[in-house]
Amino acid sequence: MHTFDDLTQRIATACLDYAIERLRMDPVTLDGPLPLAALRERAGTTITREGREPEDVVREFVDVLAPACISTDSTRFISFIPAAPTKAALLFDLVVGASSVCGTSWLEGAGAVYAENQALRVLADAAGFPAGAGGCFVSGGSIGNLSALAVARDSAAAARGSRPARWRVAVGEQAHSSIASALRLLDVDALVVPSDDQDRLTGPALREALAADADPSSICAVVATSGTTNAGIIDDLAGIATATREAGIWFHVDGAYGAAALLAPSVRARFAGIEHADSFLVDPHKWLFAPFDSCALLYREPARAKAVHAQEASYLDAIHGGDDWNPADYAFHLTRRTRGLPLWFSLAVHGIDAYSDAIERTLAIARHAAARIDAAPHVELLRDPELTVVLFRRPGWTEADYTSWSDGLLREQVALCLPTRWKGEMVARAVFLHPECPESFIDELLATMA
Ligand SMILES: *Cc1c(COP(=O)(O)O)cnc(C)c1O
């Protein structure tokens, strides 16, 4: 199993041939899940005591298991937040896998960590973060938010020299579900600040909520969202920055989906104020065209994160002797895949401008979709898309109509387009993330609602 023998050669041929075939697939088929019983019947017991021929196992994956997974990189996948990894990033993910680099510490992975940090620097520069900023790649926005909020809470405790009976974090109404989850794990309560008429969290609303609060000293942080998941709305980052500075509380920006558009000149101004954040994150596995799983987490003052997250043990003393940069010190994790490398490689090969262009192309597709919805007599646009989430309704439809429409789309392999709720009403939601999504797809989709 550990030498490159004849069997390994066959495994390599089978796996790499399929990897290239999948990378070349055009268009990518949407596919979809099968019920457990159907998978049991088709795939049966896949693992045996004596092992099986590699070609047979790869074939089983290709013919049975892979088609039972929706292709998130299909241009027809427009739900949740889709994926659109570059070929370069996907190919380098294979290299990362083949290299067994451990990204825990400088001692183990200096060269890889150096490259990951250059990719982080590109994102820090895009946000206008200072030269001393830094962080690490974690698996996703959920772990990133949890890690940043732990730093926010413990920094407040350290700065104030005391802890209230219950810490609280101010959040907008549209904050991502992972924020509520992180606060529950941290045993911290949420102060939900009402949105303005544009459905944004704003500085004035935050200031008002803090002024009206009976116990403002228990609030240690504010979470703003730069690109809400449900509607792509960017909070009033500049106003929130001012309010958090006045109140002396941590300013965290959850840009898991939207902060990629820091690289898009046409919308960059909407992120004004992010440069004042104490921490922010963006998921390269979303709109920065990297494979799963990848979240870039950045701190204005990384030393604060290290004080909270660096793990201590005699077997870790060797990595903590000097002032080496250990990615493990900046989030809740220890062993880590160098998951920033696929993004790094693709950025290095294609250059930052190609990313700006691809993100702008996606924004143009979303604007085109909004215009087509506006022009169509049978559907209504709910709000102009700020980024690439488009919410629209089909007047006259019941919830059952939306659900059966959506089920039918997947069954017919037209799209994965799931409804959502907006202000209590079930509506249609489309998220455009793939720069190669053809304009004709939008008319095709709208025609299914006629
Ligand atoms: C997707 C998303 C998250 C969670 O990120 P994961 O990578 O799925 O853990 C958090 N916040 C926002 C705004 C998101 O869109």
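The structure under discussion appears in the preceding block.
Calculation notes
- Residues numbered from 1 in each chain as written.
- Predicted model: local features only at pLDDT ≥ 70, side-chain atom pairs only at ≥ 80, totals over all residues.
- Heavy atoms only, no water.
- Helix = DSSP H or I, 4+ residues; strand = E, 2+ residues; numbered from the N terminus.
- Expected span 1.5 Å × (residues − 1).
- Bend = angle between axes of the 7 residues up to and from the residue.
- Buried < 20%, exposed > 50% of the residue type's maximum accessible area, 1.4 Å probe, protein only.
- Contact = heavy atoms within 4.5 Å.
- Near = heavy atom within 4 Å.
- Polar contact = N/O pair within 3.5 Å; in protein donor to acceptor, adjacent residues only side chain to side chain.
- Areas by Shrake-Rupley, 256 points an atom, 1.4 Å probe, with all protein chains shown as cover.
- Nonpolar A, V, L, I, M, F, W, Y, C, P; charged D, E, K, R; others polar.
- Axes fitted to C-alpha atoms, helices over the stretch in contact; angles between N-to-C directions.
- Parallel < 35°, antiparallel > 145°, perpendicular 65-115°, else oblique.
- Left-handed = near helix turned anticlockwise from the far one by under 90°.
- Salt bridge = Lys/Arg side-chain N within 4 Å of Asp/Glu carboxyl O.
- Phe/Tyr/Trp six-rings, centres within 6.5 Å; stacked < 30°, edge-to-face > 60°.

### So, helix 5 (residues 106-127)
For helix 5, built from 22 residues, the straight-helix expectation of 32 Å at 1.5 Å per residue is missed by more than 12%, its first-to-last C-alpha distance being only 25 Å. The sharpest bend along helix 5 reaches about 55° and sits at Ala112. Along helix 5, the residues classified as buried are Gly109, Ala112, Val113, Ala115, Glu116, Ala119, Leu120, Val122, Leu123, Ala124, Ala126 and Ala127. In this fold, the buried residues of helix 5 make contact with strand 1 (134-138), strand 6 (279-282), strand 7 (295-299), helix 12 (341-350) and helix 13 (352-375). Within two residues after helix 5, Gly128 carries a phi angle of roughly 80°, on the positive side.

### Points about the site of the ligand
Close to the ligand lie 15 residues; Ser142, Thr229, Asp254, Asp283 and Lys286 are nearest. Ser142 has a polar side-chain atom sitting 2.7 Å from an oxygen atom of the ligand. Taken by itself the ligand offers 380 Å² of open surface, and the protein chains cover 86% of this. Mapped by element, the contributors of at least two residues to the shell around the ligand are helix 6 (141-160) and helix 10 (284-287). For the shell around the ligand, the element with the highest residue contribution is helix 6, accounting for three residues. Looking at the shell around the ligand residue by residue, the classes come out as two nonpolar, ten polar and three charged.

### Digging into the environment of Gly140
Within the element layout of this structure, Gly140 appears in the loop between strand 1 and helix 6. According to the relative accessible area criterion, Gly140 is buried, its value standing at 10%. In this structure, the C-alpha to C-alpha distance between Gly140 and Asp283, residues 143 residues apart in sequence, is 6.3 Å. Those residues in contact with Gly140, other than ones at most four positions away along the chain, are Asp283, His285 and Cys295.

### Quick look at the packing of helix 6 against helix 7 (residues 177-186)
Closest axis-to-axis distance for the helix 6/helix 7 pair is 9 Å, and the angle between their directions is 45°. The orientation of helix 6 with respect to helix 7, classified from their angle, is oblique. In the packing of helix 6 onto helix 7, the handedness of the crossing is right-handed. Each of Ser142, Asn145, Leu146, Leu149, Ala150 and Arg153 in helix 6 lies in contact with helix 7, whose residues at this interface are Ser178, Ile179, Ala182, Leu183, Leu185 and Leu186. Partitioned by chemical class, the residues of the contact of helix 6 with helix 7 number eight nonpolar, three polar and one charged.

### Describing the pattern of salt bridges
Counting across every chain of the model gives 27 salt bridges. Of the charged contacts, one joins Asp199 and Lys423 as a salt bridge, the two residues approaching to 2.8 Å between their closest N and O atoms. In this pair, Asp199 is assigned in the loop between strand 3 (189-193) and helix 8 (203-212) and Lys423 in the loop between strand 10 (419-422) and strand 11 (425-431), connecting sequence segments 224 residues apart. Since its relative accessible area comes to 12%, Asp199 is described here as buried. The residue Lys286 makes a salt bridge to Asp283 at a minimum N-O spacing of 3.5 Å. Several salt bridges converge on common partners, so that one network encompasses Arg10, Glu53 and Glu55.

### Brief notes about unusual backbone geometry
For the bond from Asp26 to Pro27, the omega torsion is 0°, close enough to zero to count as cis. As for its placement among the helices and strands, Pro27 is situated in the loop between helix 1 (6-24) and helix 2 (36-43). The omega torsion of the bond from Phe292 to Asp293 falls at -10°, within 30 degrees of zero and hence cis. Structurally, Asp293 is set in the loop between helix 10 and strand 7. With phi around 65°, Asp199 is a residue other than glycine that occupies positive phi space. At Phe289, a position not held by glycine, the phi torsion is positive, near 60°. Of note, Phe289 is situated in the loop between helix 10 and strand 7. Taking the relative accessible area as the measure of exposure, Phe289 reaches 3% and is therefore buried.

### Details of the packing of aromatic side chains
Summed over all chains, the structure comprises eleven aromatic pairs. Ring geometry for Tyr18 and Phe61: centres 6.2 Å apart, planes at 80°, overall edge-to-face. Of this pair, Tyr18 sits in helix 1 while Phe61 sits in helix 3 (residues 54-65), and the two are 43 residues apart along the sequence. Residue Tyr18 is classed as buried on the basis of its relative accessible area of 17%. The class for Phe61 is partly exposed, based on a relative accessible area of 39%. A centroid spacing of 4.3 Å and a plane angle of 10° characterise the contact between Phe92 and Phe345, whose relative ring orientation is stacked.

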